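# Chain and residue survey
For reference, the chains in residue letters:
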Amino acid sequence: GAGVSQSPSNKVTEKGKDVELRCDPISGHTALYWYRQSLGQGLEFLIYFQGNSAPDKSGLPSDRFSAERTGGSVSTLTIQRTQQEDSAVYLCASSLVRGNGNTIYFGEGSWLTVV
Amino acid sequence: LAKTTQPISMDSYEGQEVNITCSHNNIATNDYITWYQQFPSQGPRFIIQGYKTKVTNEVASLFIPADRKSSTLSLPRVSLSDTAVYYCLVVGYYGGSQGNLIFGKGTKLSVKP
C-alpha cells in the first residue's frame, strides 16, 4: 500500500478483555516495528520483526502482550486481559530493511482506551 | 545502545531559525542520525537523515561534527505549523550491536506568533 496502515484506528474496551491491533506495512518492507505512546509521553519500543522473526521481545511490557507476523507482511499485536494502564496509542512502523540508515515510516496509530 | 539526549522543550517565534541539538556520545561507526517530527494525534514522520558533515533538504538542515557525538537539526524561518515534537534517533546497523530503534523523549518545539 501507499503507507503503513493500522486498524482499528480507535478502540475502547473493557478492562479484562483481549484486543488485537493490526498493522499492514508498506509493501516490500521487511522490517516492522511496534511502539507504544502514552498521552504526552515519548515512544516506547515494544518489538520489531525482520521478516516473520522477532529476535528481541524484551520490550514487551508483560506476558499479556504478544505479537506475530505472517507472510512477512501483516502483523498483529495482541493484548490479553487489558488493564487501564494499557491505554495508549500503539504505533506501527516499517522499513525496507532494518537499520543501515533505512528510513522507517509510521502509521497513524491505533488509539486504545481501556475503561 | 546509542542513547540520545535532547532538550525537553524549546520556544521560538515565527520567522526565526531554530536549532535543536542532540547528543549521542556512544554512536557507533555504522550508525546514521535521523530526525522525526510528530504532531499531536499523528505518527512520527521522517524529516532528515545524515551520517556526517551537513545534509540539507527542502525542510531542514542537519549538521554533524566530525566526531559525530552530536547533531543539530536546523529549521529555517519556522512557522506556527512547525510546532511539534522532534525526535533524534540513532539508527543501528542491521545485524550490529546497536539493537533496536529507540526513541528518546524528544524536544517539544513551540512556535509563537
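This text follows the structure it describes.
### Brief notes about the environment of Tyr51 of chain B
All names here are of chain B. Topologically, Tyr51 is positioned in the loop between β4 (45–50) and β5 (53–56). Discounting residues that sit within four places of it in the chain, Tyr51 has contacts with Thr29, Asn30, Asp31, Tyr32, Ile64 and Arg68. At 2.3 Å, the side chain of Tyr51 and the backbone oxygen of Thr29 are in polar contact.

### A short note on the environment of Ala28 of chain B
Of note, Ala28 of chain B is situated in the loop between β2 (18–23) and β3 (32–38). Remark: the alpha-carbon pair of Ala28 of chain B and Tyr51 of chain B, spanning 23 residues in sequence, is separated by 11 Å.

### Quick word on the state of the cysteines
What the rule picks out here adds up to two disulfides over all chains. Across the disulfide from Cys23 of chain A sits Cys92 of chain A; the S-S distance is 1.9 Å. Taking the torsion about the sulfur-sulfur bond, which here is approximately -70°, the covalent link between Cys23 of chain A and Cys92 of chain A counts as left-handed. Here Cys23 of chain A is found in strand β3 (residues 19–24), whereas its partner Cys92 of chain A is found in strand β8 (residues 88–95), with 69 residues between them in sequence. Cys92 of chain A matches Cys23 of chain A in its accessibility class, with the two residues each being buried. With its sulfur 2.2 Å from that of its partner, Cys22 of chain B forms a disulfide with Cys88 of chain B. Across the S-S bond of Cys22 of chain B and Cys88 of chain B the torsion is about -80°, and the bridge reads as left-handed.

### Section: the pattern of salt bridges
Residues and elements named next belong to chain A. Within the structure shown, the criterion is met by five salt bridges over all chains. As a salt-bridge pair, Glu44 and Arg36 come within 3.0 Å of each other at their nearest N and O atoms. Given a relative accessible area of 10%, Arg36 falls into the buried group. Between Asp86 and Arg64 there is a salt bridge, and its shortest N-O distance comes to 2.8 Å. Placement of Asp86 in the loop between β7 (75–79) and β8 and of Arg64 in the loop between β5 (44–50) and β6 (65–69) is noted, with a sequence separation of 22 residues between them. For Asp86, a relative accessible area of 2% gives the class buried. Judged by relative accessible area, which is 12%, Arg64 ranks as buried.

Analysis parameters
Residues numbered from 1 in each chain as written. Chains lettered and ligands numbered in written order. Predicted model: local features only at pLDDT ≥ 70, side-chain atom pairs only at ≥ 80, totals over all residues. Heavy atoms only, no water. Helix = DSSP H or I, 4+ residues; strand = E, 2+ residues; numbered from the N terminus. Contact = heavy atoms within 4.5 Å. Polar contact = N/O pair within 3.5 Å; in protein donor to acceptor, adjacent residues only side chain to side chain. Disulfide = S-S within 2.5 Å. Buried < 20%, exposed > 50% of the residue type's maximum accessible area, 1.4 Å probe, protein only. Salt bridge = Lys/Arg side-chain N within 4 Å of Asp/Glu carboxyl O.

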